[in-house]
Amino acid sequence: MSFVTGDVVTRNSYNNDILFRISTITNNVAMLHGEDIRLEADAGITDLKKVQEREMKHWKNKDKEKTDYSFRLFRQDYQLMKEKRHYESTAGYHQDANYFQLPARVLHLDGDRLYLKKCIELYQRVGLQVHGLYCDEKEMPEEMDRLITKIQPDMIVITGHDAFLRNKGEKSDLRAYRHSKYFVDTVRAARNVVPNVDQLVIFAGACQSHFESLIRAGANFASSPSRINIHALDPVYIAAKVAYTSFMEKVSVYDALRNTLTGEKGLGGIETRGLLRTGMPYVKEDLN
């Protein structure tokens, strides 16, 4: 069977457990990017199985069920946070609701254009303002200073593809990962501009990333403590939880991970102050 760039495939040697897209083919070796998880891998052409349209529909339905469930959990959480803010802003419902909110500004750097598109759609669905940029993982550290100065974000999401390569070293060795080093360097570059972890909240990492190094570099949240794969949309749910929590409150790691699709084996972090600020009075714009 012949394969071309863009084909959706699985790997026979891994019991066809993950959907991949072929990004390049060189000397009968395909570079693969996970369709729904942030994993980069390579495989010989003979190890690949092309996914047929009917199979693809089945995979997509399964993923949609998981993402819809996660979104419902987030909406429930959001409604509780909204009701609490409304109660506090109206002095226990004794005053009219005459307040406004300043939303957090999110900068999302992604090493995959398709994942970036999916994430932006989810940001819009949860009502967050986002500046989404595609950037190759290797180039991200060089872009930090310029982007922070230009966009002045409250939160940065640094993600793309990654993988732990067993033949390159131990799990503790940063050199044994495809892109963890670049994610770590990007976090450090951001912290050189804004050192305070509450003034600039950072999520960093992808599938199987070196969690400990990312946290030491200054990330508030990162992947992957157990070196497992994470879902493409997980960073958005963490960003939304922090963005919709008042700056007067902290976001516990448990609360931040509760609505993700991967959970604590794939994601972790530190206690972080929320970013939402409420003000008053709300003045309607006079168009006359």
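Residues numbered from 1 in each chain as written. Predicted model: local features only at pLDDT ≥ 70, side-chain atom pairs only at ≥ 80, totals over all residues. Heavy atoms only, no water.

Quick word on the overall build of the protein
Which entries qualify depends on this criterion: The way it works is that DSSP assigns letters per residue, a run of H or I at least four long becomes a helix, a run of E at least two long becomes a strand, and they are numbered from the N terminus. The quantity called the radius of gyration is restricted to C-alpha atoms. Its globule counterpart is 2.2 Å times the number of residues to the power 0.38. Burial status follows relative accessibility: with a 1.4 Å probe on protein chains alone, a residue under 20% of its type maximum counts as buried, one over 50% as exposed, and anything between as partly exposed. Residue contacts are defined here by distance: any two heavy atoms, one from each residue, within 4.5 Å place the two residues in contact. To measure how exposed things are, a 1.4 Å probe is used in the Shrake-Rupley method; for residues, cover is taken only from the protein chains shown. Positive charges are assigned to Lys and Arg, negative charges to Asp and Glu, while His and the chain termini are left out of the count. Taken as the charge location is NZ of Lys, CZ of Arg, CG of Asp or CD of Glu.
When helices and strands are counted, the protein shows seven helices and 15 strands. Over its C-alpha atoms the protein spans a radius of gyration of 20 Å, differing by no more than 12% from the 19 Å that the globule rule assigns to 288 residues. Each principal axis of the C-alpha atoms in the protein carries an extent, and together these give about 70 × 45 × 40 Å. With 288 residues in all, the protein has 50% of them scored as buried. Excluding contacts between residues fewer than 6 apart, the proportion of contacts in the protein whose partners are at least 24 apart in sequence is 63%. Working note: accessible area of the protein is about 15,000 Å², and carbon and sulfur atoms make up 49% of it. If the 41 positive side-chain charges of the protein are averaged to one point and the 39 negative ones to another, these points end up 2 Å apart.

Re the sheet that holds strand β1 (residues 8–11)
Condition: A strand pair is defined by DSSP finding two or more bridges across the two strands. Axis lines are fitted to C-alpha atoms, over the contacting stretch for helices. Their N-to-C directions set the angle, which ranges from 0 to 180 degrees.
One open sheet holds the five strands; their spatial order is β4-β3-β2-β1-β5, and the pairing between them is antiparallel. Edge positions in the sheet fall to β4 (40–44) and β5 (48–50), since each has one partner strand and no second. Neighbouring strand axes in the sheet, compared pairwise and without regard to direction, differ in orientation by 45 degrees on average. Bridge analysis of strand β3 (residues 29–34) against β4 gives five bridges, and the strand direction is antiparallel. The residue of β4 that forms the bridge with V29 is G44.

A short note on the packing of helix α2 (residues 113–126) against helix α6 (residues 234–243)
Applicable threshold: We call two directions roughly parallel when the angle between them is under 35 degrees, roughly antiparallel when it is over 145, roughly perpendicular when it lies between 65 and 115, and oblique otherwise. Each crossing is labelled by how the near helix is turned from the far one, with a counterclockwise turn of less than a right angle marking it left-handed and a clockwise turn marking it right-handed. Any residue that is not Ala, Val, Leu, Ile, Met, Phe, Trp, Tyr, Cys, Pro, Asp, Glu, Lys or Arg is counted as polar, Gly included; the first ten are nonpolar and the last four charged.
In contact at an axis separation of 9 Å, α2 and α6 are set at 30 degrees when each is read in the N-to-C sense. Relative to α6, the element α2 is oriented roughly parallel. Crossing hand, α2 versus α6: right-handed. Listed contacts from α6 to C119, L122, Y123 and V126 of α2 are V236, Y237, A239 and A240. A breakdown of the residues in the contact of α2 with α6 according to their chemical character gives eight nonpolar, no polar and no charged.

With respect to the sheet that holds strand β10 (residues 201–204)
Strand order in the open sheet formed by six strands is β8-β7-β9-β10-β11-β13, with mixed pairing between adjacent strands. Where the open sheet ends on each side, the last strands, each with one partner, are β8 (129–134) and β13 (268–269). Pairing of β10 with strand β11 (residues 221–222), which is carried by two bridges, proceeds in the parallel orientation. Pairing of A204 across the sheet is with A222, part of β11. Helix α4 (residues 180–193) contacts β9 (155–159) and β10 of the sheet and is inclined by roughly 160 degrees relative to β9. This element, α6, spans β9, β10 and β11 of the sheet and lies at about 170 degrees to β9.

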